[in-house]
Amino acid sequence: MAKDMREPIESGCPDPWQYMHPVMRKNFGQWKFHEHPRPGVLRHVAYSGDEIWTVKAGTQRILDVFTLRKLCDIGDQLADGYVHFTLRSNIEYMVTEESRVAPLIQALEDAGFIVGGTQNSVTMISHTQGWLHCDIPGTDASGVVKSMMDELIDEFRNATMPNRVHITTSCCQINCGGQGDIAINVQHTKPPKINHDLVANVCERPSVVARCPVAAIRPAMVNGKPSLEVDERKCICCGACYPPCPPMQINDAEHSKLAIWVGGNHSNARGKPTFQKLVAAGIPNNPPRWPEATAIVKRILKAYKEGARDWERVNEWIERIGWPRFFEEVELPFTKYHIDTWRGARASFNSSSYIRF
Ligand code: SF4
Ligand code: SF4
């Protein structure tokens, strides 16, 4: 290494200990029990006798600086300046006396925030970046989340579901987003359209060919220029070729749809991890309020709320009643999109719900 070479700058999460509430630091790993006195509030009691009361409020995730300052001012005035953002874009304030909980809730509600999202509620929808940060979305995740949470806000505010419901979004078909009790994902239904004039200038063709999971892309000469071609019989419309090669445009106002999947869950004390399964496909990607997708999510939540036993998660409820009955309860049709036609499906059939029909 050259003598005066610049040292690399480490980036990543800062050390969390310095920001942690002192009572949480002191009792780290030494908590005796916790309880849920009301929606949006948790009480943790340590073996030492110390207590922490946590008040949780939802945010819209992509926050302007004025909203952030407002939230921080509330923390400075009423919670000793300690806040914590959760994975699902909620803000949490920690206080050590019960008497400080009600004023905190009042201040948050006066400022227009909703307190909730704990225990058996519908949590804030986890949110991919959408148009604001990412270069490949087929829809705007923020808009989907906002319009759905407007309709589901009472389920966030009140803990009246059989168990916790995690909802996730994903604004392309391949990258972030994820597993949830209910997942709203982009679904491309047509192969990419190739702008051959741009491919040679923009794309590294071998990388794009290698990117396709079903080997549907081949190098080709088009109008005397090096380009690519897609075997449309093989293409599964995943969109994986679009990030390394934007001239392979797959986003389309009409043919990029939304699909809803249900039943994804991590393993827990009662069961193994479960993969989510497709239940509704070809739903219009219809901004600014996405009413069709929201209506289906509400139907699924209503059927789950009415039909599940106490503390059954969505996947446990469906496994108990069976998939055919689930489709009847939520009044969803079983369509051609539910059939796995991918040629690698032989390996996945055994772990699929579809063979039970
Ligand atoms: S889901 Fe896809 S489009 Fe959306 S932010 Fe993640 S990578 Fe980008
Ligand atoms: S959309 Fe997916 S399957 Fe189709 S060509 Fe692109 S990478 Fe291959």
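Residues numbered from 1 in each chain as written. Chains lettered and ligands numbered in written order. Predicted model: local features only at pLDDT ≥ 70, side-chain atom pairs only at ≥ 80, totals over all residues. Heavy atoms only, no water.

As for the confidence of the model for the protein
Of the residues in the protein, 94% have a pLDDT of 70 or more, and the chain-wide mean is 90. Below a pLDDT of 50 lies the segment residues 352–357, which in the model reaches 13 contacts outside its immediate sequence neighbourhood of four places, other chains included. (pLDDT = per-residue confidence, 0-100. Contact = heavy atoms within 4.5 Å.)

Quick word on the nonpolar core
By size, the foremost hydrophobic cluster in this structure holds 40 residues, and its most contacted members are Ile-167, Ile-260 and Phe-326. Put simply, the parts of the chain that give this core at least two residues each are helix H4 (141–157), strand S7 (182–188), strand S12 (256–262), strand S13 (277–283), helix H7 (291–307), helix H8 (314–321) and helix H9 (323–329). Excluding residues within four positions of it along the chain, Phe-326 makes contact with Val-262, Val-279, Ile-300, Trp-317, Ile-318 and Ile-321. If you look at the next biggest cluster of nonpolar residues, it comprises 16 residues, including Leu-71, Ala-79, Ile-91 and Leu-104. (Core = buried A, V, L, I, M, F, W, Y, C linked by side-chain atoms within 4.5 Å. Buried < 20%, exposed > 50% of the residue type's maximum accessible area, 1.4 Å probe, protein only. Helix = DSSP H or I, 4+ residues; strand = E, 2+ residues; numbered from the N terminus.)

Notes on the site of ligand 1
Surveying the vicinity of ligand 1 reveals the residues Thr-128, Gln-129, Gly-130, Cys-134, Ile-136, Pro-137, Ser-170, Cys-171, Cys-172, Asn-175 and Cys-176. Along the lines of polarity and charge, the residues of the shell around ligand 1 split into 6 nonpolar, 5 polar and no charged. (Near = heavy atom within 4 Å. Nonpolar A, V, L, I, M, F, W, Y, C, P; charged D, E, K, R; others polar.)

Observations concerning the pairing of S12
Counting buried residues along S12, 5 of its 7 residues qualify, which places the element largely inside the surrounding structure. In the sheet, S7 pairs with S12 via 7 bridges, with the strands oriented antiparallel. Following the sheet pairing, Ala-183 is matched in S12 by Trp-261. Two elements, S12 and S13, share 4 bridges in a ladder whose sense is antiparallel. Looking across to S13, one finds that Val-262 is bridged to Lys-277. (Pairing = 2+ DSSP bridges.)

Observations regarding the state of the cysteines
Going through the model one piece at a time under the given rule, you end up with 1 disulfide. Shown here is the disulfide that connects Cys-203 with Cys-245, its sulfur atoms set 2.2 Å apart. Because the sign of the S-S torsion sets the handedness, a value of about 70° for the bond joining Cys-203 and Cys-245 places this disulfide among the right-handed ones. Of this pair, Cys-203 sits in the loop between helix H5 (196–202) and helix H6 (205–211) while Cys-245 sits in the loop between strand S10 (225–230) and strand S11 (248–249), and the two are 42 residues apart along the sequence. Relative accessible area serves as the criterion here: at 9%, Cys-203 is assigned to the buried category. (Disulfide = S-S within 2.5 Å.)

Quick notes on the sheet that holds strand S6 (residues 167–170)
Reading across the sheet, the 4 strands line up as S6-S7-S12-S13 and stay open at both edges, with mixed pairing between neighbours. For this open sheet the edge positions go to S6 and S13, each flanked by a neighbour on one side alone. Within this sheet the neighbouring strands show an average axis-to-axis angle of 25°, counted without direction. Seen against the sheet, H7 touches S6, S7, S12 and S13 and runs at an angle of roughly 10° to S12. (Axes fitted to C-alpha atoms, helices over the stretch in contact; angles between N-to-C directions.)

Regarding the side chain of Thr-86
In this fold, Thr-86 is placed in the loop between strand S4 (83–85) and strand S5 (90–95). On the basis of relative accessibility, which here comes to 19%, the residue Thr-86 falls in the buried class. With residues near it in sequence (within four places) discarded, Thr-86 still touches Lys-56 and Glu-92.

Quick look at the site of ligand 2
With respect to spatial proximity, 14 residues lie near ligand 2, and among them Cys-212, Cys-235, Cys-238, Gly-239 and Cys-241 are the closest. The residue makeup of the shell around ligand 2, split by class, is 13 nonpolar, 1 polar and no charged.

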